[in-house]
2 protein chains.
Amino acid sequence: MPAWVEGKLFFYADSPPRRLMELFSVKWSTMVLHALSHWPGERARTGELQRSLQGISKKMLFQTLKELEMRGLIARHVYDVIPPKVDYRLTPLGRTFAEPIEQMYQWGLENESALDKMEACYQAASR
Amino acid sequence: MPAWVEGKLFFYADSPPRRLMELFSVKWSTMVLHALSHWPGERARTGELQRSLQGISKKMLFQTLKELEMRGLIARHVYDVIPPKVDYRLTPLGRTFAEPIEQMYQWGLENESALDKMEACYQAASR
DNA sequence: CTGCATCCATAACGATACTG
DNA sequence: CAGTATCGTTATGGATGCAG
């Protein structure tokens, strides 16, 4: 995304990479997508998801699910039963977005030491 | 990072991938790192960076630079001249983190159509 | 030019309680 | 069980002005 304009580098806030980042900056969206992409059986029920994503609040879970659905990344399926049953799964578009997330997760797993170094630096600099 | 515990999938908020994401969720940090990793000559002056990162405010630039320096991702060099001259460059650790950012940027560039689809979906769902 | 300190608006997040 | 509504807190970002 860098571009040279009049001999200077330019980065644009609305560039594709930034747009991708924007999606990711929503705290739980990557985790939800990642969870669904690894979910045994593809379809996850609301409660299952919540228990799986340790620490997510009900509100944030629903907000995230709704947003991802609006963006066409996940599909919501309502069963006509009592008590209510709903599940979510990735759409093909959602699977596309699971790719970079998977990459990121992979990198994180392989570079835990770099993350530790960064944190150590931060701690040291904080005093 | 998914783990099976008692037959259920678990994701942890403090997993390496999440820690990476946390760094990225700071709006400008990826752009700064990415900019520096592509900077001709490696070293970028403060003002040059600001002009390059269209739309960043002075405050956010300094805040981001300071944070990245505290984390050991960039090095700050002060020249003993008047008027003041300072420049920043990636540390080896910073270069490590530039990798996943580059991947992400690459993905964004190659999948602009997916981003467009997502946005279109969102627009359609908003009415 | 670089860096820092204020002040302020708003968006993100989370706890909780309530409905069908 | 799924989903919504309300409220309060904190984090984030941006404008501006001042100092070395």
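Residues numbered from 1 in each chain as written. Chains lettered and ligands numbered in written order. Predicted model: local features only at pLDDT ≥ 70, side-chain atom pairs only at ≥ 80, totals over all residues. Heavy atoms only, no water.

Asker: Looking at this structure, I do not really get the overall build of chain A. What am I missing?
Answerer: Along the backbone of chain A there are 6 helices and 5 strands. Going residue by residue from the N terminus, the α and β elements of chain A occur as β-β-α-α-β-α-α-β-β-α-α. The contacts of chain A with a sequence gap of at least 6 include a subset with a gap of at least 24, amounting to 45%. When the accessible area of chain A is evaluated, it comes to approximately 6600 Å², of which 51% is carbon and sulfur surface. (Helix = DSSP H or I, 4+ residues; strand = E, 2+ residues; numbered from the N terminus. Contact = heavy atoms within 4.5 Å. Areas by Shrake-Rupley, 256 points an atom, 1.4 Å probe, with all protein chains shown as cover.)

Asker: Just checking my understanding: could you explain the relation of the copies chain B and chain A for this structure?
Answerer: Relating one copy of the chain to the other requires a rotation about an axis plus a shift along that axis. Superposing chain B onto chain A takes a rotation of 180° plus a shift of 0.0 Å along the axis, which leaves an RMSD of 0.1 Å. Here the two chains are linked by the operation of a two-fold rotation axis. Identified as the residue of chain B closest to the rotation axis by C-alpha distance is Ser-25 of chain B, at 2.4 Å. Taken together, the interface assignments show that 100% of the residues at the interface of chain B recur at the interface of chain A, consistent with an identical surface on both copies. (Least-squares fit on C-alpha atoms with pLDDT ≥ 70 in both.)

Asker: Would you explain the protein's contact with DNA strand D in this entry?
Answerer: The local shell around DNA strand D holds 16 residues, among which Gly-47, Lys-58 and Arg-76 of chain A together with Lys-27 and Lys-59 of chain B are the closest. In DNA strand D, atoms within 4 Å of the protein come 50% from sugar and phosphate. The side chain of Arg-45 of chain A places a nitrogen or oxygen atom 3.3 Å from a sugar or linking oxygen of DNA strand D. Counting only elements with at least two residues in the surface near DNA strand D, the list comes to helix H3 (46-52), helix H4 (58-70) and strand E5 (85-90) of chain A together with helix H4 (58-70) of chain B. The residue inventory of the surface near DNA strand D, partitioned by class, reads 7 nonpolar, 2 polar and 7 charged. (Near = heavy atom within 4 Å. Polar contact = N/O pair within 3.5 Å; in protein donor to acceptor, adjacent residues only side chain to side chain. Nonpolar A, V, L, I, M, F, W, Y, C, P; charged D, E, K, R; others polar.)

Asker: Explain the packing of aromatic side chains to me, please; I cannot follow it from the model alone.
Answerer: Remark: the centre distance and the inter-plane angle together describe each pair of aromatic rings, the angle taken between the planes. Under the defined criterion, the tally for this structure stands at 2 aromatic pairs over all chains. Between Phe-97 of chain A and Trp-107 of chain B the ring centres are 5.2 Å apart and the planes differ by 55°, which places this aromatic pair in the tilted class. With Phe-97 of chain A in helix H5 (residues 92-110) and Trp-107 of chain B in helix H5 (residues 92-110), this residue pair bridges two chains. For the pair shown, Phe-97 of chain A and Trp-107 of chain B are each scored as buried. A cation sits over an aromatic face here: Arg-71 of chain A above Tyr-122 of chain B, 4.6 Å from the ring centre. (Phe/Tyr/Trp six-rings, centres within 6.5 Å; stacked < 30°, edge-to-face > 60°. Buried < 20%, exposed > 50% of the residue type's maximum accessible area, 1.4 Å probe, protein only. Lys NZ or Arg CZ within 6 Å of the ring centre and 35° of its normal.)

Asker: Please clarify how the sheet that holds strand E5 (residues 85-90) of chain B should be interpreted in this entry.
Answerer: Strand pairing within a sheet occurs via backbone hydrogen bonds; the two strands may be parallel or antiparallel. All names here are of chain B. The strand order across the open sheet formed by 3 strands is E3-E5-E4, and the pairing between neighbours is antiparallel. What marks the edges here is a single partner per strand, and that holds for strand E3 (44-45) and strand E4 (74-79). Strands in contact with helix H2 (residues 29-38) are E3, E4 and E5; relative to E5, the strand with the most contacts, it is inclined by about 90°. (Pairing = 2+ DSSP bridges. Axes fitted to C-alpha atoms, helices over the stretch in contact; angles between N-to-C directions.)

Asker: I would appreciate a short explanation of the pairing of E4 of chain B in the present structure.
Answerer: Put simply, side chains in a regular strand alternate between the two faces of the sheet. Residue and element names in this part refer to chain B. Across 6 bridges, E4 lies against E5 in antiparallel orientation. Paired with Ala-75 across the two strands is Arg-89, which belongs to E5. The loop that links E4 with its antiparallel partner E5 comprises 5 residues.

Asker: What is the right way to read the sheet that holds strand E3 (residues 44-45) of chain A from this model?
Answerer: All names here are of chain A. The strand order across the open sheet formed by 3 strands is E3-E5-E4, and the pairing between neighbours is antiparallel. Looking at which strands have only one partner, the edges of the open sheet turn out to be E3 and strand E4 (74-79). Of the strands in this sheet, E3, E4 and E5 touch helix H2 (residues 29-38), which is tilted by about 90° from E5.

Asker: What exactly am I supposed to notice about the packing of H2 of chain A against H5 of chain A here?
Answerer: How two helices sit against one another is set out by the angle between their axes and by the gap between those axes. Residues and elements named next belong to chain A. Closest axis-to-axis distance for the H2/H5 pair is 10 Å, and the angle between their directions is 100°. It follows that H2 is roughly perpendicular to H5 by the angle criterion. Of H5, the residues touching H2 (which contributes Thr-30, Met-31, Leu-33, His-34, Ser-37 and His-38) are Ala-98, Ile-101, Glu-102 and Tyr-105. Residue composition of the contact of H2 with H5, by class: 5 nonpolar, 4 polar and 1 charged. (Parallel < 35°, antiparallel > 145°, perpendicular 65-115°, else oblique.)

Asker: Could you clarify how one ought to interpret the protein's contact with DNA strand C in this entry?
Answerer: Around DNA strand C, the structure places 16 residues, and the nearest of them are Lys-27 and Lys-59 of chain A together with Lys-58, Arg-76 and Tyr-88 of chain B. Here, DNA strand C places atoms within 4 Å of the protein, and 59% of those atoms are sugar or phosphate. In this structure, Gly-47 of chain B approaches DNA strand C through a main-chain N or O atom, which is 3.1 Å from a phosphate oxygen. With respect to DNA strand C, the side chain of Tyr-88 of chain B contributes an N or O atom lying 2.9 Å from a phosphate oxygen. Mapped by element, the contributors of at least two residues to the surface near DNA strand C are H4 of chain A together with helix H3 (46-52), H4 and E5 of chain B. Examining the composition of the surface near DNA strand C, we find that 3 residues originate from one element, H4 of chain B, more than from any other.

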